[in-house]
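Now for the letters of each chain:
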Amino acid sequence: MVVANRLPVSWDEESGEWSPSPGGLVSALTPILQRTEGLWVGWSGVPEVGFEPFSHSGIRQVPVELSEQLYLDFYTGFCNGTLWPLYHDAVRAPEFHRHWWRPYREVNEGFAETTVAHIGSDDVVWVQDYQLQLVPAMIRERAKAHRIGFYLHIPFPPLELFAKLPWRRQVIEGLLGSDVLAFQSRSSRTNFSVAARRLTEAEGTTRELSWQGREVQLQVAPIGIDTAQFEELGRAEEVREHAAHIRSELDNPDSVILGVDRLDYTKGIDLRMTAFKTLFDMRPEMVGKVSFVQIAVPSREDVPEYQRIRSEIEGMVGRINGDFAEVGRPPIHYLYRSFGAEELVGYYRAADVMLVTPLRDGMNLVSKEYVATRYDNTGALVLSEFAGASEELHNALVVNPHDVDALADTLGRAVSMDRTEQARRMKALRRTVASKDVFWWAERCLNALGV
Ligand code: ADQ
């Protein structure tokens, strides 16, 4: 049984049908759940509506019901106003409200109860992500005999930050209900182990903790992408044509720099804009020769901090274009919308330099997707040292995004990188992304759970 905030399908009001929500997690787990006749427990995405369990894509889907108010306090409030900033180095101040905590606990209880109501005698349960950290212990209280795993997709913060959470002990005890707790990176695993030993009676090491007479295994399992599928898309004739079209629409610049992110304050889009401007200040000969395309997917638009970062970024785009554009040729092209996979890969293929600059990121799949589409070993990846991906992608140009001069310098280096260096680095990067894809990840996590 997979237990996640959202089901792998979403309800389309117009057609009155369920359609699959694409994504790495869904494509990795679908074949496994089909083979094992597994269940997926999650919210339908439609508040106030209770759907009955149903089957879709060969998987039994078990919807959890949420009221509008509960959704607001649990998801917009506690998940995105408290946990998200706290777990991302508190790059924005987390808010602590009891009237958000109680709904978080209540929603977690709802997920645990629905799971237990559908659990089979030898089922293994795998809980996903920060929205459901109390669920492992809540399931264990109700269904002692089952193996329970948990995977955290975002970073686990250092103790100094985590200790601020008024409900820190409850969260750790919730997670310790698991048999196997898995993290994106070694640093997250270490942070969790330190916090658990300091804030509860758990004892042990970074790899294993004893808690209430049980052993809890702490695992590092960096998530990957469906590498073969991205490479295949990168090679597809229509995608290559699309890439050529994008470059010609940009007036065939010497170099195209690309950023692709959910519009989130953790992604460092603002720092990247400043670095781009600094590059033009340092090397004016590049003006008119280098284009920067920033694609931003709308995200969490009901959270005030997300509205603020959006207008900040849009203001920066306007100012930089105002300073450096010629008529019909702005240096920054900003696209605020979602794209289909083929279109997105068209942009990956059109880009000479991929710029990934989060202030903190669990992994960052965009960096891996770019690499996977570079089947001809061209292109350069600039990657923040604060993305989980930097623990694996050593052959990227790894940089501290807070150091704007270093970032601008590295960007300049990436733009001017010769083909031999590009090929040497990209070959090594592609090898890593191919060997640890999303199927490797799922197998590693599920093997540890005995599936
Ligand atoms: P996210 O914070 O969402 O994920 P990321 O890993 O970069 O960040 O994944 C973003 C996904 O959205 C990518 O698959 C990308 O292709 C897609 N995307 C981006 N822009 C798009 C656009 N305009 N249109 C369509 N799709 C777009 C969280 C954690 C990450 C962790 C993942 C998986 O924050 O650190 O890597 O989960 O564990």
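Structure first, text after, so check above.
Keep in mind the model is a prediction, meaning the values are calculated, not measured.

About the cut-offs
- Residues numbered from 1 in each chain as written.
- Predicted model: local features only at pLDDT ≥ 70, side-chain atom pairs only at ≥ 80, totals over all residues.
- Heavy atoms only, no water.
- Helix = DSSP H or I, 4+ residues; strand = E, 2+ residues; numbered from the N terminus.
- Rg over C-alpha atoms; globule rule 2.2 N^0.38 Å.
- Buried < 20%, exposed > 50% of the residue type's maximum accessible area, 1.4 Å probe, protein only.
- Areas by Shrake-Rupley, 256 points an atom, 1.4 Å probe, with all protein chains shown as cover.
- Lys, Arg positive; Asp, Glu negative; His and termini not counted.
- Charge placed at Lys NZ, Arg CZ, Asp CG, Glu CD.
- Core = buried A, V, L, I, M, F, W, Y, C linked by side-chain atoms within 4.5 Å.
- Contact = heavy atoms within 4.5 Å.
- Axes fitted to C-alpha atoms, helices over the stretch in contact; angles between N-to-C directions.
- Near = heavy atom within 4 Å.
- Polar contact = N/O pair within 3.5 Å; in protein donor to acceptor, adjacent residues only side chain to side chain.
- Salt bridge = Lys/Arg side-chain N within 4 Å of Asp/Glu carboxyl O.
- Bend = angle between axes of the 7 residues up to and from the residue.
- 1 Å grid on protein atoms, 1.4 Å probe; cavity = no way out; pocket = protein on both sides within 12 Å on 5 of 7 lines; lining within 4 Å.
- Points joined across faces, edges and corners; volume = space filled by probe spheres on them.
- Nonpolar A, V, L, I, M, F, W, Y, C, P; charged D, E, K, R; others polar.
- Pairing = 2+ DSSP bridges.

(A) Highlighting the overall build of the protein chain. Check the secondary structure of the protein chain and you find 16 helices and 18 strands. Whereas a compact globule of 451 residues would reach a radius of gyration of roughly 22 Å, the protein chain reaches 22 Å, a difference of no more than 12%. Viewed in the frame of its principal axes, the protein chain has a C-alpha envelope of about 65 × 45 × 40 Å. Here the protein chain holds 451 residues, and 58% of them are scored as buried. Accessible area for the protein chain stands at about 18,500 Å²; split by element, carbon and sulfur atoms hold 47% of it. Between the averaged position of the 48 positive side-chain charges in the protein chain and that of its 63 negative side-chain charges there is a distance of 6 Å.

(B) Just the nonpolar core, in detail. Of all hydrophobic cores here, the largest spans 94 residues; its most connected members are Phe156 and Phe192. Per-element tally for this core: the top contributor is helix α2 (residues 68-87), with 10 residues. Apart from the residues lying within four places of it in its own chain, the contact partners of Phe192 are Phe156, Ile172, Leu175, Leu176, Leu181, Phe183, Leu209 and Leu218. Grouped together as the second largest cluster of nonpolar side chains are 65 residues, Ala221, Leu383, Leu393 and Ala396 included.

(C) Geometry of the packing of helix α8 (residues 227-235) against helix α9 (residues 237-249). Packing of α8 against α9 brings their axes to within 5 Å, and their N-to-C directions diverge by 65 degrees. From α8, Leu233, Gly234 and Arg235 reach across to α9, where they touch Glu237, Val239 and Arg240.

(D) The site of the ligand, seen in detail. In the vicinity of the ligand lie 21 residues, with His153, Phe339, Asp361, Met363 and Glu369 positioned nearest. Here Ser338 contributes a side-chain N or O atom positioned 3.5 Å from a nitrogen atom of the ligand. Gly362 is positioned with one of its backbone polar atoms (N or O) 3.0 Å from an oxygen atom of the ligand. Its free accessible area being 720 Å², the ligand has 83% of it covered by the protein chains. Elements with a contribution of two residues or more to the shell around the ligand: β13 (255-262), β14 (290-297), α12 (341-350) and α13 (365-373).

(E) Region of the structure containing the side chain of Arg189. Position of Arg189 relative to the elements: it lies in helix α7 (residues 186-199). Buried charge without a partner: Arg189 forms no salt bridge, and the closest opposite charge is Glu391, 8.8 Å away. For Arg189, the contacting residues outside a window of four places in its chain are Phe183, Thr206, Arg207, Leu218, Gln219 and Val220.

(F) Focus on α2. The largest bend in α2 amounts to roughly 40 degrees and is located at Cys79. With 17 of 20 residues buried, α2 is to be regarded as a mostly interior element.

(G) Looking closely at the layout of surface pockets. Estimates place the volume of the second largest pocket at around 330 Å³. Mapped onto the lining of the second largest pocket, the elements with two or more residues apiece are α3 (98-118), α4 (135-142) and α6 (168-175). For the lining of the second largest pocket, the element with the most residues is α4, which contributes 4 residues. Of the residues belonging to the lining of the second largest pocket, the class tally is 6 nonpolar, 4 polar and 7 charged.

(H) Fine view of the pairing of strand β6 (residues 59-64). Most of β6 is tucked away: 5 of the 6 residues are buried. As defined by bridge partners, strand β4 (residues 39-43) adjoins β6 across 5 bridges and the pair is classed as parallel. Within β6, the position partnered with Trp43 by the bridge is Val64. Across 3 bridges, strand β5 (residues 54-56) lies against β6 in antiparallel orientation. Across the sheet, residue His56 finds its bridge partner in β6, namely Ile59.

(I) Focus on the environment of Pro158. Relative to the assigned elements, Pro158 resides in the loop between β8 (147-151) and α5 (159-162). Put simply, Pro158 and Arg189 are 31 residues apart on the chain and 10.0 Å apart in space, counted from C-alpha to C-alpha. For Pro158, the residues in contact, after removing those within four places along its chain, are Asp89 and Asn191.

(J) Quick look at the sheet that holds strand β18 (residues 397-399). If you walk across this open sheet you meet the 6 strands as β15-β14-β13-β16-β17-β18, and the pairing is parallel. For this open sheet the edge positions go to β15 (332-336) and β18, each flanked by a neighbour on one side alone. Going across the sheet, the axis of each strand differs from the next one's by a mean of 20 degrees, ignoring polarity. Direction of pairing for β14 relative to β15: parallel, over a ladder of 5 bridges. Of the residues in β15, the one forming a bridge with Phe292 is Ile332.

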